[in-house]
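Understanding the architecture of this molecule
These are the residues of each chain, in order.
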Amino acid sequence: MNCNIHKKAKLLESISLKGLTLAPPQVIGGVRLVPLLRDVVQEDLRLTRRQYDEDITMVQIDNKSMYYSYIPHSLVADWTNNGSPAATFGTQIESNKQKKTKDGKSYNSGIMTARIMSKMRSRENKNRLRFLPMDMSMEGFLALHFGGPVIAWEEYSRSAIKTGLSPRVETTIPGRLITGLQDALRVFEIHPTQVGSLVFVGDALASVFVVPHPEDYRYLHETLLTDSYGELIYYYGLHAQENNYHPASIDPDNINSLAEMRNEIMRVRTDWAELHTIMTSNLLGCPIQSEMVYKMGPFQMQRFMTSMNPKSENHIGEVILRTDGTLEYMKSFRLSASQCRRAYLLMQLSNNNWDLEKCAEKLACTKNQLVYRLEKAGFGYLLHQHVLDAAQSERRKKT
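This is a predicted model, so every value here is computed, not measured.

This part is about the side chain of glutamine 194. Structurally, glutamine 194 is set in strand β13 (residues 194-201). Of note is the side chain of glutamine 194, whose polar atom sits 3.0 Å from the backbone oxygen of glycine 196. When neighbours within four sequence positions are excluded, glutamine 194 is seen to be in contact with Pro35, Leu36, Leu37, Glu189, Pro214 and Tyr217.

Applying the stated criterion to the full structure yields 22 salt bridges. Its salt-bridge partner being glutamate 170, residue arginine 342 comes within 2.6 Å of it at the nearest N-O pair. Linking arginine 342 in helix α8 (residues 337-351) with glutamate 170 in the loop between α3 (158-163) and β12 (173-174), this pair joins segments that are 172 residues apart in sequence. Classification of arginine 342 by relative accessible area gives buried; the value is 17%. Close ionic contact of glutamate 313 with arginine 334 constitutes a salt bridge, the shortest N to O distance being 3.5 Å. In this pair, glutamate 313 sits in the loop between β17 (299-305) and β18 (315-322) while arginine 334 sits in strand β19 (residues 327-334), placing the two residues 21 residues apart along the sequence. Neither glutamate 313 nor arginine 334 differs from the other in exposure class; each is buried. Connected via shared salt-bridge partners are Arg38, Asp44, Arg322 and Glu328.

Those residues of helix α10 (residues 367-376) not exposed but buried are Asn368, Leu370, Val371 and Leu374. Projected down its long axis, α10 carries its buried residues within an arc of 155 degrees, all on one side. Residues of α10 that are buried sit in contact with α8, α9 (356-362) and α11 (385-398). Just downstream of α10, glycine 378 is the residue with a positive phi angle, here 95 degrees.

The interhelical angle for the contact between α8 and α10, taken along N-to-C directions, is 135 degrees, at an axis separation of 10 Å. What the angle tells us is that α8 and α10 run oblique. Crossing of α8 against α10: the hand is left-handed. For the pair formed by α8 and α10, the contact residues are Tyr344, Leu345 and Leu349 on the first element and Leu370, Arg373 and Leu374 on the second.

Membership of the largest hydrophobic core comes to 57 residues, with the highest contact counts inside it found for Phe131, Met296, Met301 and Met330. Other than its neighbours up to four places away in sequence, phenylalanine 131 contacts Leu47, Ser74, Leu75, Ala77, Met120, Arg121, Met301, Glu318, Ile320 and Tyr329. Counting residues in hydrophobic clusters, the runner-up holds 22 residues, among them Leu345, Leu356, Leu363 and Cys365.

Let us look at the pairing of strand β16 (residues 289-296). Extensive coverage of β16 is indicated by the burial of six of its eight residues. The sheet contact formed by β16 and β17 spans seven bridges and is antiparallel. For methionine 296, the partnering residue across the bridge sits in β17 and is phenylalanine 299. Between β16 and the antiparallel strand that follows it, β17, lie two residues; glycine 297 among them carries a positive phi value of about 60 degrees.

Evaluated as defined, the whole model comprises four aromatic pairs. Centre to centre, the rings of tyrosine 234 and tyrosine 235 are 5.2 Å apart; their planes meet at 70 degrees, and the pair counts as edge-to-face. The class for tyrosine 235 is partly exposed, based on a relative accessible area of 45%. Sitting above the plane of the phenylalanine 141 ring, arginine 168 keeps its charged end 5.2 Å from the centroid. One Lys or Arg, arginine 395, reaches over the ring of tyrosine 372 and ends 3.8 Å from the middle of that ring.

Below, the discussion takes up the packing of α10 against α11. Packing of α10 against α11 brings their axes to within 9 Å, and their N-to-C directions diverge by 110 degrees. In terms of orientation, α10 lies roughly perpendicular with respect to α11. Within the contact between the two elements, α10 uses Asn368, Gln369, Val371, Tyr372 and Glu375 and α11 uses Val387, Leu388, Ala390, Ala391, Gln392, Glu394, Arg395 and Lys398. Tallied by class, residues from the contact of α10 with α11 come to six nonpolar, three polar and four charged.

Reading the values: the criteria
Residues numbered from 1 in each chain as written. Predicted model: local features only at pLDDT ≥ 70, side-chain atom pairs only at ≥ 80, totals over all residues. Heavy atoms only, no water. Helix = DSSP H or I, 4+ residues; strand = E, 2+ residues; numbered from the N terminus. Polar contact = N/O pair within 3.5 Å; in protein donor to acceptor, adjacent residues only side chain to side chain. Contact = heavy atoms within 4.5 Å. Salt bridge = Lys/Arg side-chain N within 4 Å of Asp/Glu carboxyl O. Buried < 20%, exposed > 50% of the residue type's maximum accessible area, 1.4 Å probe, protein only. Arc of directions from axis to C-beta. Axes fitted to C-alpha atoms, helices over the stretch in contact; angles between N-to-C directions. Parallel < 35°, antiparallel > 145°, perpendicular 65-115°, else oblique. Left-handed = near helix turned anticlockwise from the far one by under 90°. Core = buried A, V, L, I, M, F, W, Y, C linked by side-chain atoms within 4.5 Å. Pairing = 2+ DSSP bridges. Phe/Tyr/Trp six-rings, centres within 6.5 Å; stacked < 30°, edge-to-face > 60°. Lys NZ or Arg CZ within 6 Å of the ring centre and 35° of its normal. Nonpolar A, V, L, I, M, F, W, Y, C, P; charged D, E, K, R; others polar.

If you want it as structure tokens, here you go:
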């Protein structure tokens with residue numbers, strides 16, 4: 001956690017689209033994009049992209065941990081402290097010394113290219129921060145109780161006690177592989193005051209993307225293709241059909257004046273906004289756990305995750321907020337059911353001091369049933385082989 005974090009900063013308890021308006025959607029096949037329009041555009045926070053071309057990026061988290069991922073770009077935030085306009089990175093006239101960045105080093109082995117970076121986020125000057133979008137949130141998700149058992153219980157392997165959940169791996173899919181998304185981004189209209197989009201695939205919320213300024217969104221619109229999505233969204237894209245969710249349309253027989261037409265248009269727009277609010281109710285407005293990651297003058301950067309209840313939809317993500325709560329930046333990622341189960345099991349183990357007996361009792365199952373669940377979730381390597389064998393033996397007897 002960064003030393004620049006303000007100790008009195010308030011953590012988010014739920015996500016609100018304060019300062020944004022939901023416009024009617026644009027739909028093609030199974031992809032639905034809902035434009036997010038900013039009611040009042042301010043100029044004191046701007047975002048732009050810094051492109052990377054390496055096949056893989058490695059980020060040093062601490063002395064014992066590395067994060068590996070394909071990272072197509074970072075985001076660079078520029079802001080002012082007094083509300084005056086901020087110029088985006090790349091447009092300022094700077095000295096050669098100021099143009100130097102802290103984005104690590106690039107290597108080419110002849111087989112693949114790699115970038116090695118020392119930080120997920122780096123303060124490049126007083127009013128500029130470079131950060132890795134979503135990777136910052138995914139790293140927090142992967143690091144969930146990463147240290148493993150807090151007590152040397154006899155059921156756990158030596159490596160689990162020594163190194164914890166190392167390595168921890170999750171699979172994501174780039175947006176360009178989501179059926180229909182590239183066509184949607186190519187043909188859909190961008191509104192003059194649009195600063196973001198709700199992305200639905202098969203009418204499931206895939207992600208929320210928000211930036212501070214309409215010009216930033218126009219520049220970053222295509223990055224939805226390089227963003228990461230869950231496997232669930234990929235399969236939804238393969239099988240989704242043209243959706244037919246829509247509110248009652250305008251009846252021309254009831255229109256006798258421009259005022260009545262105006263009222264009907266407002267009704268339909270309101271109905272669309274209410275429909276999409278319902279479709280995002282498992283993220284927007286629901287309880288979340290959040291963590292402060294950086295203080296940026298009058299702005300706060302936080303990352304969050306939903307409850308990780310395996311019976312409901314779950315998301316992780318990050319936001320930048322003004323001190324009045326206005327949402328300036330957001331990027332989210334919908335987890336698959338298997339990812340939720342893994343996170344849920346880790347949280348239950350941690351809450352019960354990694355005591356298998358106690359945790360099994362809390363989950364209303366036997367110890368061997370819990371062991372089997374851990375093995376199916378990919379955490380079998382944490383346990384001694386004789387513990388896994390005992391669970392398998394009991395299972396075979398019952399079948």
